[in-house]
Amino acid sequence: MSAATLHAGRFVLSLQRPLIMGILNVTPDSFSDGGRYLLPDAARARAEAMLAEGADLLDIGGESTRPNAPLVSEQEEIDRVLPVLEALRDYPVPISLDTRRTAVMRAGLALGVDLINDVAALEDEGAIAAVAASSAAVCLMHKQGTPQTMQQAPQYRDVVAEVIDYLAARAHAALAGGIAASRLLVDPGFGFGKTVEHNYALLARLGECARLAPVLAGLSRKSMLGAVTGQDVPARRVAASVAAALLACQHGAAIVRVHDVAETRDALAVWQAMRATQRAC
Ligand code: HH2
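The structure presented is a predicted model; accordingly, all values stated were derived computationally and were not measured.

The next subject is the nonpolar core. By size, the foremost hydrophobic cluster in this structure holds 68 residues, and its most contacted members are L24, L58, I60, L88, I95, L122 and V256. Among the elements that take part in this core, helix α5 (residues 159-176) stands out by supplying seven residues, more than any other. Those residues in contact with L88, other than ones at most four positions away along the chain, are L24, R44, A47, L58, I60 and I95. Counting residues in hydrophobic clusters, the runner-up holds 15 residues, among them L6, F11, L19 and A137.

Right, here's the structure in full:
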């Protein structure tokens, strides 16, 4: 069963209400915000805006993992994220580092990041040991293939069962490597080697993932939303993203990773007000 708290570096986060993770990509090519926050000042301004809008955590990434994204060298990724992590290190919310590389994790952990958000579920050599040696939380995400190949022909016998089996195995490996259960999040990896149908099957049955560990869900502005709304441009998928975040929370997500913090916060406030009334009745 999901824990009611998450131990994440400097913080013990209550998961009694869903938390909002604001996305900050320090990349030239991320599918929605690429190129906008490359300079530390622009990144800091965006971080502060998201905090003012109600972000509970901030997720900093230096490599786009969108389908067909070009590979970035380890040093390039470190050079992108480190100045921003340095600028944000004293912020009053947990800082998450979105990376799949051990060397980048180590550099971020040395600066005190509170959470490692790994789309490769700590599969890189030495990644489990690097996180275990810290007090940071970790998000273990499922993907099929690599960003360069993953959307070519995703195939599953039973997508929900296979994703859960994979996440359970990675959670087991993390525990065996010395990372406490109270530091673990899991994520089915919406859009990472999945068809539109696979993604919606995972959303409908997200609660089954939540039996493993608290779930982080990243649906914001993704093409699975464009596919059903006809909105081709990511920036026009805000309403669909808010709906998806709300559905994810209804189906058990503990944290939603979003570009549109203020809109998501308002939608979740309405849902929480209804839930509070239900509990009182
Ligand atoms: N999605 C993206 C990146 N990191 N991490 C988790 N845990 N879950 C996700 O669904 C997830 C993630 C991709 O979105 P974005 O960061 O907006 O774009 P890009 O990869 O192009 O930088």
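Let us look at helix α1 (residues 40-53). Counted at 1.5 Å a residue, the expected span for α1 with its 14 residues is 20 Å, and the 20 Å between its end C-alpha atoms agrees. Buried residues of α1: A43, R46, A47 and M50, and no others. Along α1, the residues classed as buried sweep out an arc of 100° about the axis, all on the same side. Among the exposed residues of α1, those pointing more than 90 degrees away from its buried face are D41 and A52. Residues of α1 that are buried sit in contact with β3 (19-25), β4 (57-61), α2 (74-88) and α10 (261-280). Downstream of α1 by one or two residues, G54 has phi in the positive range, about 115°.

Another point: the site of the ligand. What surrounds the ligand is a group of 18 residues, the closest being S30, S64, N117, D187 and K222. Within the contact set of the ligand, a nitrogen atom lies 2.8 Å away from a side-chain nitrogen or oxygen of D98. At 3.3 Å, a backbone N or O of G218 approaches an oxygen atom of the ligand. When the residues that make up the shell around the ligand are grouped by side-chain class, the tally is six nonpolar, seven polar and five charged.

The next thing to look at is unusual backbone geometry. Of note in this structure, L122 is not a glycine but carries a positive phi near 60°. Within the secondary structure layout, L122 lies in the loop between β6 (115-118) and α4 (127-132). Residue L122 is classed as buried on the basis of its relative accessible area, which comes to 2%. The backbone phi angle of R221 is positive, close to 60°, even though this residue is not glycine.

With 20 residues, α10 extends 28 Å from end C-alpha to end C-alpha; this agrees with the ideal 28 Å at 1.5 Å per step. When we look at burial in α10, the residues that qualify are V261, A262, T264, A267, L268 and W271.

Side chains bearing opposite charge may pair, as long as their charged atoms lie close to each other. Within the structure shown, the criterion is met by 13 salt bridges. The closest approach of N and O atoms between D41 and R44, which form a salt bridge, is 2.9 Å. Of this pair, D41 and R44 both sit in helix α1, three residues apart, which is roughly one turn of that helix. In this structure, R157 engages E162 in a salt bridge whose closest nitrogen and oxygen atoms are separated by 3.9 Å.

If you want to describe how two helices pack, look at the angle between their axes and the distance between the axes. Between helix α9 (residues 238-250) and α10, whose axes approach to 9 Å, the crossing angle comes to 40°. Between α9 and α10, the crossing angle belongs to the class labelled oblique. For the crossing formed where α9 meets α10, the hand is right-handed. Within the contact between the two elements, α9 uses V238, V242, A245, L246, C249 and Q250 and α10 uses E263, T264, A267, L268 and W271. Class assignment of the residues belonging to the contact of α9 with α10 gives a composition of eight nonpolar, two polar and one charged.

Rules and cut-offs
- Residues numbered from 1 in each chain as written.
- Predicted model: local features only at pLDDT ≥ 70, side-chain atom pairs only at ≥ 80, totals over all residues.
- Heavy atoms only, no water.
- Core = buried A, V, L, I, M, F, W, Y, C linked by side-chain atoms within 4.5 Å.
- Buried < 20%, exposed > 50% of the residue type's maximum accessible area, 1.4 Å probe, protein only.
- Helix = DSSP H or I, 4+ residues; strand = E, 2+ residues; numbered from the N terminus.
- Contact = heavy atoms within 4.5 Å.
- Expected span 1.5 Å × (residues − 1).
- Arc of directions from axis to C-beta.
- Near = heavy atom within 4 Å.
- Polar contact = N/O pair within 3.5 Å; in protein donor to acceptor, adjacent residues only side chain to side chain.
- Nonpolar A, V, L, I, M, F, W, Y, C, P; charged D, E, K, R; others polar.
- Salt bridge = Lys/Arg side-chain N within 4 Å of Asp/Glu carboxyl O.
- Axes fitted to C-alpha atoms, helices over the stretch in contact; angles between N-to-C directions.
- Parallel < 35°, antiparallel > 145°, perpendicular 65-115°, else oblique.
- Left-handed = near helix turned anticlockwise from the far one by under 90°.

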